[in-house]
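Understanding the architecture of this molecule
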Amino acid sequence: MSKKIDDVLKRLTQSSFRSQFKLDEKDLEYISVRGFDTIKKHAYDFIARRIAPPVIKNDGKQTPMSGHPVFKAQHATATCCRKCLEKWHKIKINRQLNQKEIQYTGDVILEWLEKQCVKNQPKRKKDKKEKIGTEKS
Ligand SMILES: [Zn+2]
């Protein structure tokens, strides 16, 4: 992970609004059923259609609060609209996002999702300890 993304994710955890977004059981299930590659595709599709254009009529309201794990990730990472992208990520409003910015926005979203998945991984007990010389005769 780049230091820039690491830093911004850290700053975001200090915002009470941003840090209230968390993946729930349904989101985690969705990710595990669809697979991370599909989620990645969805993320870039949402960015291309709702975030990248120079003018977005309903900017600030184009990203639902839930209904897809990527939507939650966008609110959590302030990539939900161009106003938030400008405020938190210093990406200028009122122009088309360039390829580098699209990539960056996707990276931020996916990094947050990955962290959430790791955090919510079911804890597995190490029950396969090798037993040597414990067999009773
Ligand atoms: Zn926003």
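Before any of the text, the structure's been laid out above.
Residues numbered from 1 in each chain as written. Predicted model: local features only at pLDDT ≥ 70, side-chain atom pairs only at ≥ 80, totals over all residues.

On to the overall build of the chain. When you go through the chain residue by residue, the secondary structure sums to 7 helices and 0 strands. Reading the helices (α) and strands (β) of the chain from amino to carboxyl end gives α-α-α-α-α-α-α. Within the chain, the proportion of its 137 residues that are buried is 23%. (Helix = DSSP H or I, 4+ residues; strand = E, 2+ residues; numbered from the N terminus. Buried ≥ 20, exposed ≤ 12 C-beta atoms within 10 Å, placed from the backbone.)

So, on to the packing of helix α4 (residues 36-51) against helix α7 (residues 99-119). The interhelical angle for the contact between α4 and α7, taken along N-to-C directions, is 135°, at an axis separation of 10 Å. Between α4 and α7, the crossing angle belongs to the class labelled oblique. The hand of the α4/α7 crossing is right-handed. Along its contact with α4, which presents Ile 39, Lys 40, Ala 43, Tyr 44, Ile 47 and Ile 51, the element α7 presents Ile 102, Thr 105, Gly 106, Ile 109, Leu 110 and Leu 113. When its residues are assigned to classes, the contact of α4 with α7 shows 9 nonpolar, 2 polar and 1 charged. (Axes fitted to C-alpha atoms, helices over the stretch in contact; angles between N-to-C directions. Parallel < 35°, antiparallel > 145°, perpendicular 65-115°, else oblique. Left-handed = near helix turned anticlockwise from the far one by under 90°. Contact = placed C-beta atoms within 7 Å. Nonpolar A, V, L, I, M, F, W, Y, C, P; charged D, E, K, R; others polar.)

This paragraph deals with the nonpolar core. Ile 39, Ala 43, Val 70, Ala 73, Ile 109, Trp 112 and Leu 113 are the most contacted members of the largest nonpolar core, which has 16 residues in total. Where this core is concerned, the elements lending two or more residues are α4, α5 (69-76) and α7. (Core = buried A, V, L, I, M, F, W, Y, C linked by C-beta atoms within 7 Å.)

Moving on, we get to α5. Every α-helix winds through 3.6 residues per turn, so residues three or four apart in the chain are directed the same way. With respect to burial, α5 is a largely interior element, 7 of its 8 residues being buried. Every buried residue of α5 is accounted for by Pro 69, Val 70, Phe 71, Lys 72, Ala 73, Gln 74 and Ala 76. Considering only its buried residues, α5 is in contact with α1 (3-13), α2 (16-19), α3 (25-34), α4 and α7. Looking one or two residues beyond α5, the residue adopting positive phi is Ala 78, at roughly 60°.

Let us now look at the environment of Ser 32. Secondary-structure assignment places Ser 32 in helix α3. Ser 32 sits in the exposed class, given 10 other C-beta atoms within 10 Å. Between the C-alpha atom of Ser 32 and that of Cys 117, which follows or precedes it by 85 residues, the distance is 9.2 Å.

At Lys 90, a position not held by glycine, the phi torsion is positive, near 60°. Locating Lys 90 in the fold gives a position in the loop between α6 (82-89) and α7.

Relative to each other, α5 and α7 sit at 105°, their axes nearing to 9 Å. With respect to α7, the element α5 is oriented roughly perpendicular. In contact with Pro 69, Val 70, Ala 73, Gln 74 and Ala 76 of α5, α7 contributes Ile 109, Trp 112 and Leu 113.

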